[in-house]
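In case you want the letters, here they are:
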Amino acid sequence: MPGIKVEYRTADFRSDNPALIVRESGMGALMAEDDIYIGPLFDLFNLRFGPEQGDVEFAAGGVSEIKALQDEFDIFQEGRPFVDSAKLLGLGGLNNNRAKNRWYSVLKWLAKVPSDQDGENGEQRIVNALIKNFARKSPLPCFMKAHDSRDPSGYGLKVVVREDTPIFYIDRTYLTISVPMAPQVPPAGKGSDKKKKSKKK
């Protein structure tokens, strides 16, 4: 299967004749030179879905606020792409439209990779886990991070959702969402909606 390529453009002003340079990068590098925003974008999710700061006026927020929004508006729904819910919550940030839209492309790409749950692709795994979590009376705070999909001893090229303590200095259980990343993630990741080809004997 041919690799999916994305183009981005940079300008070289080091010479007397500035030139526009067209570069290509693989699907795993969808963020291109905006990859420096990946950490802050994870932070944005983790703050919105994190532990509330306090149950007092003007201080409540975090996971309790997201639960209230979910109860009222069903932001996360079965069949609704995760990226659409992320757009509703402004999880692409406000400072850089290019980085925001590239990040949404990454979230959309998660539908093409498998998950740790049989029958669910990466996107479905995230959505269903969030629906189940916010159906609880007291939902867990959520934490999103990345893992190296190239590590043979790690999670590999799949989305993994666990209840654990991802932050060693915070003694609290989270619903942890780990997504695969690498400089060049294979674009042909297969979700649950694609049948595996049988091997010839």
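Residues numbered from 1 in each chain as written. Predicted model: local features only at pLDDT ≥ 70, side-chain atom pairs only at ≥ 80, totals over all residues. Heavy atoms only, no water.

## Points about the side chain of S178
You can see S178 is positioned in strand β5 (residues 174–181). Side-chain polar atoms of S178 contact the side chain of H147, separated by 2.6 Å. Here S178 is in contact with K145, A146, H147, Y155, K158, V159 and V160, once residues within four sequence places are set aside. (Helix = DSSP H or I, 4+ residues; strand = E, 2+ residues; numbered from the N terminus. Polar contact = N/O pair within 3.5 Å; in protein donor to acceptor, adjacent residues only side chain to side chain. Contact = heavy atoms within 4.5 Å.)

## Quick look at a nonpolar patch on the surface
Together, F168, Y169 and I170 line one region of the surface with nonpolar side chains, adding up to about 410 Å² of accessible area. Summarising the element assignment, Y169 is placed in the loop between β4 (160–164) and β5. For Y169, a relative accessible area of 63% translates into the label exposed. (Patch = residues over 30% accessible without salt bridge, like charges linked within 9 Å, V, L, I, M, F, W, Y side chains within 5 Å. Areas by Shrake-Rupley, 256 points an atom, 1.4 Å probe, with all protein chains shown as cover. Salt bridge = Lys/Arg side-chain N within 4 Å of Asp/Glu carboxyl O. Buried < 20%, exposed > 50% of the residue type's maximum accessible area, 1.4 Å probe, protein only.)

## Quick look at the sheet that holds strand β3 (residues 142–148)
Here we have three strands laid out as an open sheet, ordered β3-β5-β4, and mixed in their pairing. In this open sheet, the two edge strands, each paired with only one partner strand, are β3 and β4. On average, adjacent strands in this sheet sit at an angle of 30° to one another, irrespective of strand direction. In this structure, β3 lies alongside β5, joined through seven bridges in parallel fashion. Within β5, the residue paired with F143 across the bridge is T176. The sheet strands contacting helix α1 (residues 38–48) are β3 and β5, and the helix crosses β3 at an angle near 150°. Strand contacts of helix α5 (residues 122–134): β3, β4 and β5, with the helix running at about 170° to β5, the strand carrying the most contacts. (Pairing = 2+ DSSP bridges. Axes fitted to C-alpha atoms, helices over the stretch in contact; angles between N-to-C directions.)

## Here's the deal with the packing of aromatic side chains
Here a ring pair, both rings aromatic, is described through the centre-centre distance and the interplanar angle of the planes. On inspection of all chains with the given rule, the structure shows seven aromatic pairs. Between the aromatic rings of F45 and F49, the centroid separation amounts to 4.2 Å while the plane-to-plane angle is 10°, which identifies the pairing as stacked. The exposure classification of F45 matches that of F49, with both residues buried. A centroid spacing of 6.4 Å and a plane angle of 10° characterise the contact between F76 and F134, whose relative ring orientation is stacked. (Phe/Tyr/Trp six-rings, centres within 6.5 Å; stacked < 30°, edge-to-face > 60°.)

## Comments concerning the nonpolar core
Grouped together as the largest cluster of nonpolar side chains are 37 residues, with contacts concentrated most on F49, F82, W103 and L130. Of all the secondary-structure elements, those providing two or more residues to this core are α1, α2 (63–73), α3 (82–88), α4 (97–109), α5, β3 and β5. Excluding residues that lie within four positions of it along the chain, W103 makes contacts with M31, I38, L41, F42, L91, G92 and M181. (Core = buried A, V, L, I, M, F, W, Y, C linked by side-chain atoms within 4.5 Å.)

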